[in-house]
Amino acid sequence: MKISTKSILLISAVTSSFFLIYTSYKGIILYFVSQALEDTFVGGSTSDISMFLWFAISGILTILTFMFLFFLKIKDLKSQKIIVIGLTVFWSAISIFLMLINFSNFWISLLTLSVGVLSFLAIKNLKKTIIAELNKKGLTDKEIYLLQKLAGISKK
(Lines give C-alpha, C1' and ligand atoms only; values in the text may rest on other atoms or scores of the structure.)
Protein backbone atom coordinates (compact mmCIF):
# COMPACT_ATOMS: atom_id res chain seq x y z
CA MET A 1 0.00 0.00 0.00
CA LYS A 2 1.61 3.22 -1.14
CA ILE A 3 0.71 6.25 0.97
CA SER A 4 2.36 9.60 0.38
CA THR A 5 3.24 12.15 3.03
CA LYS A 6 0.76 14.64 1.61
CA SER A 7 -2.10 12.16 1.80
CA ILE A 8 -1.38 11.26 5.43
CA LEU A 9 -1.21 14.94 6.34
CA LEU A 10 -4.57 15.52 4.63
CA ILE A 11 -6.06 12.50 6.38
CA SER A 12 -4.76 13.83 9.71
CA ALA A 13 -6.20 17.27 8.99
CA VAL A 14 -9.61 15.79 8.15
CA THR A 15 -9.57 13.60 11.26
CA SER A 16 -8.65 16.48 13.55
CA SER A 17 -11.33 18.59 11.81
CA PHE A 18 -13.85 15.88 12.67
CA PHE A 19 -12.86 16.14 16.34
CA LEU A 20 -12.86 19.96 16.07
CA ILE A 21 -16.46 19.98 14.86
CA TYR A 22 -17.47 17.55 17.63
CA THR A 23 -15.88 19.57 20.43
CA SER A 24 -17.25 22.86 19.07
CA TYR A 25 -20.71 21.28 18.92
CA LYS A 26 -20.43 20.12 22.54
CA GLY A 27 -19.30 23.58 23.67
CA ILE A 28 -22.10 25.36 21.80
CA ILE A 29 -24.74 22.99 23.17
CA LEU A 30 -23.42 23.50 26.69
CA TYR A 31 -23.54 27.27 26.18
CA PHE A 32 -27.17 27.16 25.06
CA VAL A 33 -28.10 24.87 27.96
CA SER A 34 -26.52 27.29 30.44
CA GLN A 35 -28.40 30.21 28.84
CA ALA A 36 -31.66 28.27 29.00
CA LEU A 37 -31.14 27.41 32.68
CA GLU A 38 -30.52 31.05 33.53
CA ASP A 39 -33.71 32.15 31.78
CA THR A 40 -36.02 29.71 33.55
CA PHE A 41 -37.57 30.07 36.97
CA VAL A 42 -36.08 26.75 38.04
CA GLY A 43 -32.66 28.28 38.40
CA GLY A 44 -29.51 26.26 38.49
CA SER A 45 -26.44 26.70 36.44
CA THR A 46 -24.08 24.68 34.38
CA SER A 47 -20.37 24.67 34.93
CA ASP A 48 -18.56 27.44 33.11
CA ILE A 49 -15.39 25.40 33.44
CA SER A 50 -16.74 22.55 31.31
CA MET A 51 -17.87 25.03 28.65
CA PHE A 52 -14.42 26.65 28.70
CA LEU A 53 -12.73 23.23 28.39
CA TRP A 54 -14.78 22.25 25.33
CA PHE A 55 -13.93 25.54 23.62
CA ALA A 56 -10.26 25.29 24.66
CA ILE A 57 -10.01 21.80 23.19
CA SER A 58 -11.64 22.99 19.97
CA GLY A 59 -9.12 25.86 19.84
CA ILE A 60 -6.23 23.42 20.24
CA LEU A 61 -7.69 21.22 17.51
CA THR A 62 -8.01 24.26 15.22
CA ILE A 63 -4.31 25.00 15.67
CA LEU A 64 -3.50 21.32 15.11
CA THR A 65 -5.52 21.20 11.89
CA PHE A 66 -3.77 24.29 10.53
CA MET A 67 -0.40 22.77 11.46
CA PHE A 68 -1.19 19.65 9.44
CA LEU A 69 -2.11 21.83 6.47
CA PHE A 70 1.02 23.95 6.93
CA PHE A 71 3.20 20.82 6.95
CA LEU A 72 2.04 20.11 3.39
CA LYS A 73 4.39 22.85 2.15
CA ILE A 74 7.55 21.12 3.47
CA LYS A 75 9.55 19.58 0.61
CA ASP A 76 12.57 18.16 2.48
CA LEU A 77 12.22 14.38 2.74
CA LYS A 78 14.05 14.06 6.06
CA SER A 79 11.82 16.71 7.62
CA GLN A 80 8.76 14.93 6.25
CA LYS A 81 10.02 11.72 7.81
CA ILE A 82 10.33 13.36 11.23
CA ILE A 83 6.83 14.84 10.90
CA VAL A 84 5.28 11.52 9.86
CA ILE A 85 7.02 9.72 12.74
CA GLY A 86 5.52 12.34 15.06
CA LEU A 87 2.11 11.76 13.51
CA THR A 88 2.39 8.03 14.05
CA VAL A 89 3.28 8.49 17.71
CA PHE A 90 0.58 11.15 18.16
CA TRP A 91 -2.31 9.17 16.66
CA SER A 92 -1.22 5.91 18.33
CA ALA A 93 -0.99 7.62 21.73
CA ILE A 94 -4.42 9.22 21.27
CA SER A 95 -5.87 5.84 20.31
CA ILE A 96 -4.38 4.06 23.32
CA PHE A 97 -5.47 6.89 25.61
CA LEU A 98 -9.04 6.70 24.29
CA MET A 99 -9.10 2.92 24.76
CA LEU A 100 -7.88 3.20 28.35
CA ILE A 101 -10.22 6.04 29.35
CA ASN A 102 -13.46 4.94 27.74
CA PHE A 103 -13.67 1.83 25.60
CA SER A 104 -17.36 2.48 24.82
CA ASN A 105 -16.21 4.91 22.11
CA PHE A 106 -14.74 2.07 20.11
CA TRP A 107 -15.30 3.69 16.71
CA ILE A 108 -13.44 6.84 17.67
CA SER A 109 -10.54 4.74 18.95
CA LEU A 110 -10.60 2.72 15.75
CA LEU A 111 -10.54 5.91 13.67
CA THR A 112 -7.47 7.27 15.45
CA LEU A 113 -5.75 3.87 15.37
CA SER A 114 -6.34 3.55 11.62
CA VAL A 115 -4.79 6.99 11.04
CA GLY A 116 -1.81 5.85 13.15
CA VAL A 117 -1.43 2.69 11.05
CA LEU A 118 -1.65 4.69 7.83
CA SER A 119 1.03 7.04 9.19
CA PHE A 120 3.24 4.04 9.91
CA LEU A 121 2.80 2.82 6.33
CA ALA A 122 3.64 6.32 5.08
CA ILE A 123 6.92 6.16 7.05
CA LYS A 124 7.86 2.93 5.29
CA ASN A 125 7.12 4.45 1.87
CA LEU A 126 9.01 7.62 2.75
CA LYS A 127 12.08 5.63 3.80
CA LYS A 128 12.07 3.89 0.42
CA THR A 129 11.77 7.25 -1.33
CA ILE A 130 14.69 8.68 0.67
CA ILE A 131 16.87 5.67 -0.15
CA ALA A 132 15.97 5.96 -3.84
CA GLU A 133 16.89 9.67 -3.82
CA LEU A 134 20.23 8.96 -2.16
CA ASN A 135 21.06 6.20 -4.63
CA LYS A 136 20.12 8.43 -7.54
CA LYS A 137 22.36 11.29 -6.41
CA GLY A 138 25.48 9.26 -5.70
CA LEU A 139 28.42 10.52 -3.67
CA THR A 140 29.90 13.98 -3.99
CA ASP A 141 33.62 14.53 -4.53
CA LYS A 142 34.04 15.64 -0.94
CA GLU A 143 32.33 12.51 0.38
CA ILE A 144 34.54 10.32 -1.84
CA TYR A 145 37.64 12.14 -0.58
CA LEU A 146 36.60 11.71 3.07
CA LEU A 147 35.83 8.02 2.57
CA GLN A 148 39.22 7.52 0.93
CA LYS A 149 40.92 9.27 3.85
CA LEU A 150 38.99 7.11 6.27
CA ALA A 151 40.01 3.96 4.40
CA GLY A 152 43.63 5.11 4.26
CA ILE A 153 43.72 5.39 0.49
CA SER A 154 45.70 8.36 -0.79
CA LYS A 155 44.72 9.79 -4.13
CA LYS A 156 47.74 10.19 -6.44
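Turning next to the side chain of Thr23. On the secondary structure map, Thr23 appears in helix H1 (residues 5-39). Separated by 3.1 Å, the side chain of Thr23 and the backbone oxygen of Leu20 make a polar contact. Apart from residues no more than four positions distant in its own chain, Thr23 is found in contact with Trp54, Ile57, Ser58 and Leu61.

Here helix H3 (residues 77-101) is 25 residues long and its end C-alpha atoms lie 36 Å apart, about the 36 Å a rise of 1.5 Å per residue gives. Those residues of H3 lying buried are Gln80, Ile83, Val84, Leu87, Thr88, Trp91 and Ser95.

Two numbers describe how helix H2 (residues 48-71) lies on H3: the axes approach to 12 Å, and their chain directions differ by 150 degrees. When the axis of H2 is compared with that of H3, the two are roughly antiparallel. In this structure, H2 crosses over H3, and the sense of that crossing is left-handed. Note on element contacts: H3 touches H2 through Ile83, Leu87, Phe90 and Trp91, opposite Leu64, Phe68 and Phe71. For the contact of H2 with H3, a count of residues per class yields seven nonpolar, no polar and no charged.

Cut-offs and rules
- Each chain has its residues counted from 1, running along the sequence as written.
- Reporting in this predicted model follows two pLDDT cut-offs: at least 70 for local features of residues, and 80 or more for side-chain atom pairs to be given and counted; totals over whole chains, interfaces and linings ignore these cut-offs and use all residues.
- The side-chain values count all of the structure's non-hydrogen atoms but skip hydrogen atoms and water molecules.
- Runs of E in the DSSP output that reach at least two residues are strands. Runs of H or I that reach at least four are helices, and both are numbered from the N terminus.
- Any N or O atom pair separated by 3.5 Å or less is treated as a polar contact, with the protein-specific requirement of one donor-capable and one acceptor-capable atom, and with residues adjacent in sequence counted only for side-chain atom pairs.
- In this description, contact between two residues means that some pair of their heavy atoms is separated by no more than 4.5 Å.
- Here the expected length of a helix is defined as 1.5 Å per residue gap, with one fewer gap than residues.
- Partly exposed describes any residue whose relative accessible area lies between the buried limit of under 20% and the exposed limit of over 50%, with all areas from a 1.4 Å probe on protein chains only and scaled to the type maximum.
- Only the stretch in contact is used when fitting a helix axis, every axis being a line fitted to C-alpha atoms; angles between N-to-C directions are given from 0 to 180 degrees.
- Each angle gets one of four labels, with under 35 degrees taken as roughly parallel, over 145 as roughly antiparallel, 65 to 115 as roughly perpendicular, and the rest as oblique.
- In this scheme, a crossing is called left-handed if the near helix is turned counterclockwise away from the far one by less than a right angle; it is called right-handed if the turn is clockwise.
- Residue classes follow a fixed rule: Ala, Val, Leu, Ile, Met, Phe, Trp, Tyr, Cys and Pro count as nonpolar, while Asp, Glu, Lys and Arg count as charged, and any other residue, Gly among them, counts as polar.

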